[in-house]
Every structure is written in C-alpha cells, then in structure tokens.
Amino acid sequence: MIDVLANWDVVQDRINRAAERVGRSPETIQVVAVTKGVAEDQIEPLVSRGMRAVGENRIQEAMSKYRAAAWRDQVEWHFIGHLQTNKVRQCLQLADLIHSVDSPRLIEEIQRRAERLELDQVRVLLQVNISREATKFGLKPAEVPMLLEEAIPCEKVLVEGLMTMAPFEEDPEKTRPVFRQLRLLGEELKQKGFPRFEMKYLSMGMTNDFEVAIEEGANLLRIGSAIFGRRA
Ligand SMILES: *Cc1c(COP(=O)(O)O)cnc(C)c1O
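1. A few points about the layout of surface pockets
Space inside the largest pocket adds up to approximately 710 Å³. Along the wall of the largest pocket there are 26 residues; nearest its centre are Val34, Lys36, Asn57, Met165 and Met206. Classifying every residue of the lining of the largest pocket by side-chain character gives 10 nonpolar, 10 polar and six charged.

2. Description of the site of the ligand
Taken together, Val34, Lys36, Asn57, Ile80, Met165, Met206, Thr207, Arg222, Ile223, Gly224, Ser225 and Arg231 make up the full set of residues near the ligand. Gly224 has a polar backbone atom sitting 2.8 Å from an oxygen atom of the ligand. The separation between an oxygen atom of the ligand and a polar side-chain atom of Ser225 is 2.6 Å. Under a 2 Å grid-point criterion requiring more than half of the atoms, the pocket assigned to the ligand is the largest pocket. Looking at the shell around the ligand residue by residue, the classes come out as five nonpolar, four polar and three charged.

3. Remarks on the packing of aromatic side chains
One pass over the full model with this rule turns up three aromatic pairs. Through a chain of ring-to-ring contacts, the aromatic side chains of Tyr66, Trp71 and Trp77 assemble into a single cluster. Directly above the aromatic system of Tyr66 lies the positively charged group of Arg72, at a separation of 4.4 Å from the ring centroid.

4. Here's the deal with the pairing of strand S6 (residues 157–163)
Extensive coverage of S6 is indicated by the burial of seven of its seven residues. The sheet contact formed by strand S5 (residues 122–127) and S6 spans five bridges and is parallel. Bridge pairing in S6 links Gln127 to Met163. What joins S5 to S6 is helix H6 (residues 144–150), and the crossover it makes is right-handed. Here S6 pairs with strand S7 (residues 197–203) via four bridges, running parallel. Bridge pairing links Leu162 to Leu202 in S7. Where the polypeptide runs from S6 across helix H7 (residues 176–192) and back to S7, its parallel neighbour, the crossover connection is right-handed.

The rules we used
- Residues numbered from 1 in each chain as written.
- Predicted model: local features only at pLDDT ≥ 70, side-chain atom pairs only at ≥ 80, totals over all residues.
- Heavy atoms only, no water.
- 1 Å grid on protein atoms, 1.4 Å probe; cavity = no way out; pocket = protein on both sides within 12 Å on 5 of 7 lines; lining within 4 Å.
- Points joined across faces, edges and corners; volume = space filled by probe spheres on them.
- Nonpolar A, V, L, I, M, F, W, Y, C, P; charged D, E, K, R; others polar.
- Near = heavy atom within 4 Å.
- Polar contact = N/O pair within 3.5 Å; in protein donor to acceptor, adjacent residues only side chain to side chain.
- Sits in = over half its atoms within 2 Å of the grid points.
- Phe/Tyr/Trp six-rings, centres within 6.5 Å; stacked < 30°, edge-to-face > 60°.
- Lys NZ or Arg CZ within 6 Å of the ring centre and 35° of its normal.
- Buried < 20%, exposed > 50% of the residue type's maximum accessible area, 1.4 Å probe, protein only.
- Helix = DSSP H or I, 4+ residues; strand = E, 2+ residues; numbered from the N terminus.
- Pairing = 2+ DSSP bridges.
- Right-handed = clockwise from strand over helix to strand, strands pointing away.

Structure, rendered in structure tokens:
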C-alpha cells in the first residue's frame, strides 16, 4: 500500500528545504497534486491534510472524478494536459485553472464557450515549450507575445502566467536552464505589459525536478508520482 499521507509530508518537507535554500517563503509555493490514474478515494485523505489543488490531464477522467468526489468543492481543479478545442466546453465546467493553453484557436474557443456558459472569467496559463522537444506541446518562446496580443479582445480570458515541462533528466540539475528561461520570459512579458496578462504563476517542476524548479522561482508544482507512487 502506498502511504499518500506520508508521501505528501515528505514532499512538503522537500519543498520547505528547497525554498529555504533560496530564501523563499514556502507558503508562496503551491502543490498541484497530479491525480491522473488515481482513484477518487485515494485522493480524499489529502484534502484534510492541506492539499488545495488537483491536476488532471484527461477531460473524461477529470469529469468522472469531479462528479464522484464528495470533496470536489474543497479543492481547485487544474487542467494540465493537452486541450483540444472540442473539449473546451467540458473543461470549462470544472477547471479553475487551465495550465496548457498553447494556440490562438484555443484562446478564441475559450472566449466563445465562456460567453455561452456566461462565465465571468477563465483563468489560464500559457504552455511554453522551452526545451523545444518535438514530442512536447507548447508555444515557442517567441510566439508568446503574439498570443498575448491576440488575447486582448478576449475579455473572458485572463492569462495568469506560464507553464512548462522540462525533459526528463537523470540529473535534475540539468533542467535548471529550462526553468530559468521560463522565469526570464515571464519577467520580460511582465515588463512589456499586456491587458489580459498578470504574471502570477510559474507552473513548473514535477516529481523528478521540483526542487530545482523552486530554486528558479516556481510557485505551482505539478507533482504526481512522489505522492501517489509510480503508475503504469
Ligand atoms: C503527469 C504529469 C505531471 C506529474 O508528473 P510526475 O512525474 O508524476 O510528478 C506533471 N505535469 C503534467 C503535464 C503531467 O502530465
């Protein structure tokens, strides 16, 4: 049996120590518990332990968990997977924050659907493919300002920051340049200023590399296996 509560405490401990190393306050760093492939009853114990956000990467799975979870209103639901335009409507029904917006079409569709659903504001992050791996989704860094320009008329959309995935490295230290570049990109965009943009969140760092991400300024960590164990 995997002891998710013990794992959670270990992760919190590691976050505290990494934050301390760089003089950051751990309270400014939030864990998004990545619950893909994890049953609803395995997640529940974490809710009273202080877990405030779950992250799902498939709409279907997220929807069925959302419907089943008695605790669903006690946490935020974050969508972290690749989002297809034909899934936007469903996604908006549950997601408090979408980490993975990476095209003008997607922004426009979110705007359209948000109007129809009479939503106030949809909070999103832009996914950036810093490492330029062909297998990863995300905008090229140079495309991000263009997308922020295109988002200006979309008054239902609020871009609250940036997200990236680093390539897997045996030595997590090697991911540092990726995280650093995302932070620098964020700072640059903040300087420029865009109407539908607030530089609030850097979503970066997973099980293998979250401590390096913290040192580089991450404030949303997406952590799965360190909490729930490795899954198939
Ligand atoms: C699965 C997943 C994670 C978590 O990965 P772990 O290595 O299990 O911590 C983070 N982000 C995204 C986008 C994922 O799909």
